[in-house]
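# Observations on the model geometry
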Amino acid sequence: MPETSPLALAQSLIRCPSVTPEEGGALSLLADVIAKAGFAVERPIFSESGTPDIQNLYARIGTGGPVLLFAGHTDVVPPGEADAWSHGPFSGEVADGMLYGRGAVDMKGGIACMLAATLRFLEARGPGFGGSIAFLITGDEEGPALNGTVKLLDWARERGERFDHCLLGEPTNPERLGDMIKIGRRGSLTGRITVHGRQGHVAYPHRADNPIPGLLRLASTLIAAPLDGGTAHFDASNLEFTTIDVGNPATNVIPATARAVFNVRFNDDWTAATLGAEIRRRLEEAAGNAIRFSLDLQPSNSPAFLTRPDAFVDLVADAIQAETGHRPALSTTGGTSDARFIKDACPVIEFGLVGQTMHEVDERVAVEDLDRLTAIYGRVLDAYFPA
């Protein structure tokens, strides 16, 4: 059997410089390891006009059901200044019980644990374990997310692949391993407001129409009243302004336009369409006939979704509790992930490492956590495919 140490696998993956959109050797490494374990492996490449081609990986062992899908991504964000790291960002060095490197947490460490647990499971049970295990790994999660999981799922389903449940290995734990399972995610909607005025000299304001007071009024309107009060599994939707721009280099000129950008992380009370309609209604009501504005709502591929707690969620929670001694919270907090695409193929939940250092300089994971997460995934496999 191939290497089953999660640390060794994580180190090997970290040493592949797979900064989006580069494959960096990470998927090739996975393909080699997983093929030696008996998986049928395929490496589709997807394209989209205006974006780089992306390599992906799909692998499966078994022909019958149920089918448990492990999902994740090998692409990572840029490391920034390498000199700022205590250990090289692609060194995979271990110091004081911590594994350092870009992707240690997000999410090469999680993939290493999934793979190690699966290899150990197959070594113990053999190929006739009563179902199928699949891996769906993309190189386009940290990038535009156009040529990765969403197309890989379509490709797999066109070939007749079907999945019963998916476990996505994103770093879900805020403080300690076992804190949290993600059973859904908030949606994301971005909008741009432009208020139109008339340029003029500040000494002659009656000849101009300053758009800035109008923009401030509209922005205040959107943050004055809550969008909702939250739902059973979601916090209240939250709208944040991320920039207000005039771009005026002169101190004696009233500008012609003023712009603002906002993002809403919304719960399952809304769709992108209904939320956009509510935002437009509030703006039009506040503007009346006094403020000339335009609203540009960006296309959203990030709906709010929920995997309702069921036997599979309990199975994973039981495995976590057995290994860590505490019951994980069921949460929908945080940003978006590829679970928003996987939900259309099968029920999906997320559980991985502690995410405190993801995307930071000196991203790192405790070696002990790699071992414990591997054991948790092993318990999931044992319970999902009982002997």
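Calculation rules
Residues numbered from 1 in each chain as written. Predicted model: local features only at pLDDT ≥ 70, side-chain atom pairs only at ≥ 80, totals over all residues. Heavy atoms only, no water. Pairing = 2+ DSSP bridges. Helix = DSSP H or I, 4+ residues; strand = E, 2+ residues; numbered from the N terminus. Contact = heavy atoms within 4.5 Å. Axes fitted to C-alpha atoms, helices over the stretch in contact; angles between N-to-C directions. UniProt positions renumbered as here; feature names shortened; annotations may be inferred. 1 Å grid on protein atoms, 1.4 Å probe; cavity = no way out; pocket = protein on both sides within 12 Å on 5 of 7 lines; lining within 4 Å.

## Structural notes on the sheet that holds strand E5 (residues 94–95)
With antiparallel pairing, the three strands of this open sheet are ordered in space as E5-E6-E20. The open sheet has two edge strands with one neighbour each: E5 and strand E20 (364–366). Along the sheet, helix H1 (residues 6–14) makes contact with E5 and strand E6 (98–100), crossing E6 at roughly 20°.

## Here we look at the UniProt feature "binding site: Zn(2+) 2" (unreviewed entry) in the protein
Under the UniProt annotation, "binding site: Zn(2+) 2" (unreviewed entry) lies at Asp106, Glu142 and His359. Taking the farthest pair of C-alpha atoms as the criterion, the annotated set spanning 254 residues converges on one region, since that pair is 10.4 Å apart. Lining residues of the largest pocket, restricted to the annotated ones just named, are Asp106, Glu142 and His359. If you trace the backbone, Glu142 turns up in the loop between strand E7 (132–138) and helix H4 (149–158). In this structure, Glu142 is in contact with Thr20, His73, Asp75, Val76, Val77, Asp106 and His359, ignoring residues within four places of it in sequence. Its place among the elements puts His359 in the loop between strand E19 (348–350) and E20. Discounting residues that sit within four places of it in the chain, His359 has contacts with Val77, Arg102, Asp106 and Glu142.

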